[in-house]
Amino acid sequence: ALSRIGMLAMSHFSQAVPVLRNLPQPVIAAVNGAAYGGGLCLCLGADLRFCSESAVFNATGIVNGLTSTELGASYLLPRLIGASRSNDMLLTGRKVDAHEAERIGLVSRVLPDAKVVEHAIEVAEQMCQLSAFGLQMTKKVCWANLETGSLAAAIDLEDRNQLLLGNTENLVECIKARREKRKP
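A short tour of the structure in this document, coming up. Going along each chain's sequence as written, the residues are numbered from 1 onward. With pLDDT at 70 or above as the cut-off, local features in this predicted model cover only qualifying residues; side-chain atom pairs require 80 or more to be listed or tallied, and sums for whole chains, interfaces and linings still use all residues. Note that the side-chain values use all heavy atoms of the structure and ignore hydrogens as well as water.

**Considering unusual backbone geometry**
Piece 1. One non-glycine residue with positive phi stands out, namely leucine 71, at about 55°.
Piece 2. Its relative accessible area of 6% is what places leucine 71 among the buried residues.
Piece 3. In this structure, lysine 181 takes a positive phi of about 55° despite not being glycine.
Piece 4. Along the polypeptide, lysine 181 turns up in the segment after helix H10 (170–179).
Piece 5. Residue exposure (1.4 Å probe, protein chains only): buried if accessible area is under 20% of the type maximum, exposed if over 50%, otherwise partly exposed. Residue lysine 181 is classed as exposed on the basis of its relative accessible area, which comes to 77%. To qualify as a helix, a DSSP run of H or I must reach at least 4 residues; to qualify as a strand, a run of E must reach at least 2; elements of each kind are numbered from the N terminus.

**Thoughts on the environment of glutamate 122**
Piece 1. Looking at the secondary structure, you find glutamate 122 in helix H7 (residues 116–127).
Piece 2. On the basis of relative accessible area, glutamate 122 is assigned to the partly exposed category, the value being 35%.
Piece 3. Taking the C-alpha atoms as reference points, glutamate 122 and glutamine 162, 40 residues apart in sequence, are found 27 Å from one another.

**Focus: the side chain of histidine 119**
Piece 1. Its location among the elements puts histidine 119 in helix H7.
Piece 2. Using a relative accessible area of 17% as the deciding quantity, one classes histidine 119 as buried.
Piece 3. In what follows, residue pairs with any heavy atoms lying within 4.5 Å of each other are defined as contacts. Not counting residues within four places of it along the chain, the set of residues in contact with histidine 119 comprises Phe50, Arg109 and Leu111.

**Things to note about the packing of helix H8 (residues 132–144) against helix H9 (residues 151–166)**
Piece 1. Lines fitted to C-alpha atoms define the axes here, with helix axes fitted over just the stretch in contact, and angles between the N-to-C directions of these axes take values from 0 to 180 degrees. Contact pair H8 / H9: the axes reach a minimum separation of 10 Å and the direction vectors enclose 170°. Taken together, the axes of H8 and H9 are roughly antiparallel relative to one another. Residue-level contacts link Phe133, Gly134, Met137, Val141 and Ala144 of H8 to Leu157, Glu158, Asn161, Leu164 and Leu165 of H9.
Piece 2. Among the residues making up the contact of H8 with H9, the classes are represented as seven nonpolar, two polar and one charged. Each angle receives one of four descriptions, namely roughly parallel if under 35 degrees, roughly antiparallel if over 145, roughly perpendicular if within 65 to 115, and oblique otherwise. The nonpolar class holds Ala, Val, Leu, Ile, Met, Phe, Trp, Tyr, Cys and Pro. Asp, Glu, Lys and Arg form the charged class, and all remaining residues, Gly among them, are polar.

**As for the pattern of salt bridges**
Piece 1. A carboxyl oxygen of Asp or Glu within 4 Å of a side-chain nitrogen of Lys or Arg is what we treat as a salt bridge. If you walk through the whole model with that rule in mind, you get seven salt bridges.
Piece 2. Aspartate 88 is the salt-bridge partner of arginine 94, the closest N and O atoms lying 2.8 Å from each other.
Piece 3. What makes arginine 94 partly exposed here is its relative accessible area of 27%.
Piece 4. For arginine 94, the salt bridge goes to glutamate 100, with nearest N and O atoms at 2.6 Å.
Piece 5. Using a relative accessible area of 17% as the deciding quantity, one classes glutamate 100 as buried.

**Some details on the pairing of strand S3 (residues 48–52)**
Piece 1. Along S3, four of the five residues are buried, which leaves the element largely enclosed by surrounding structure.
Piece 2. Whether two strands pair comes down to DSSP finding at least two bridges between them. Pairing geometry for strand S1 (residues 28–31) and S3, over four bridges, is parallel. Across the sheet, residue alanine 29 finds its bridge partner in S3, namely arginine 49.
Piece 3. Inspection of the sheet shows S3 paired to strand S6 (residues 109–111) by three bridges, in the parallel sense. Opposite cysteine 51, over in S6, you have valine 110 as the bridge partner.

**Observations concerning the packing of helix H4 (residues 73–81) against helix H5 (residues 83–92)**
The axes of two packed helices give the description: the angle between them and the distance between them.
Piece 1. Orientation of H4 relative to H5, taken along the N-to-C sense of each, is 130°, at an axis distance of 7 Å. As summarised for this structure, H4 and H5 are arranged oblique, according to the angle between their axes. Once H4 is placed against H5, the crossing between them reads as right-handed. Residues Ala73, Ser74, Leu77, Pro78 and Ile81 of H4 pack against Ala83, Arg85, Ser86, Met89 and Leu90 of H5.
Piece 2. Class assignment of the residues belonging to the contact of H4 with H5 gives a composition of seven nonpolar, two polar and one charged. By definition, turning the near helix anticlockwise from the far helix through less than a right angle yields a left-handed crossing, and turning it clockwise yields a right-handed one.

**Regarding the sheet that holds S6**
Piece 1. As summarised here, the arrangement of the three strands in space is S1-S3-S6, forming an open sheet in which the pairing is parallel. Taken across any chain shown, the strands that pair with only one partner, and hence form the sheet edges, are S1 and S6. Neighbouring strand axes in the sheet, compared pairwise and without regard to direction, differ in orientation by 20° on average.

Here's what the structure looks like:
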């Protein structure tokens, strides 16, 4: 019975990353401190990842007698940092500090501990000044093209989405707003 409950719980919990991925809005992770196990995995599901100088990342399952592959980690991590670095983290359980995380591409920015959340909010506010539909479609294409098998297919998807957005009033409004020296 315990294993059945575990499987049921895991099947629900494992949907957290796909839910993040399927949100129309970009998701920003602001990691301030330890991102171990599921924390690391949730971070991988975000569209942008910032961390504090004291952040530490660890695929801790392997050091606890489990696997380090949960919530899509074996799919997402190699796409972010490459198979060699991903395998190094997933198979050894070693800790990765903030500066290494930035160097290998796990996060895009390292900030002082007291500023990481504030910075994530500032970035979100800046993004809110952009076209909501443009952000949504860009997010969809970025995720979709991680799974696309060729450059030609990726460009085809980009072209269709660019044309789709071109048929809205977004570009016209942006041009008009620039001429009028105002925000669109």
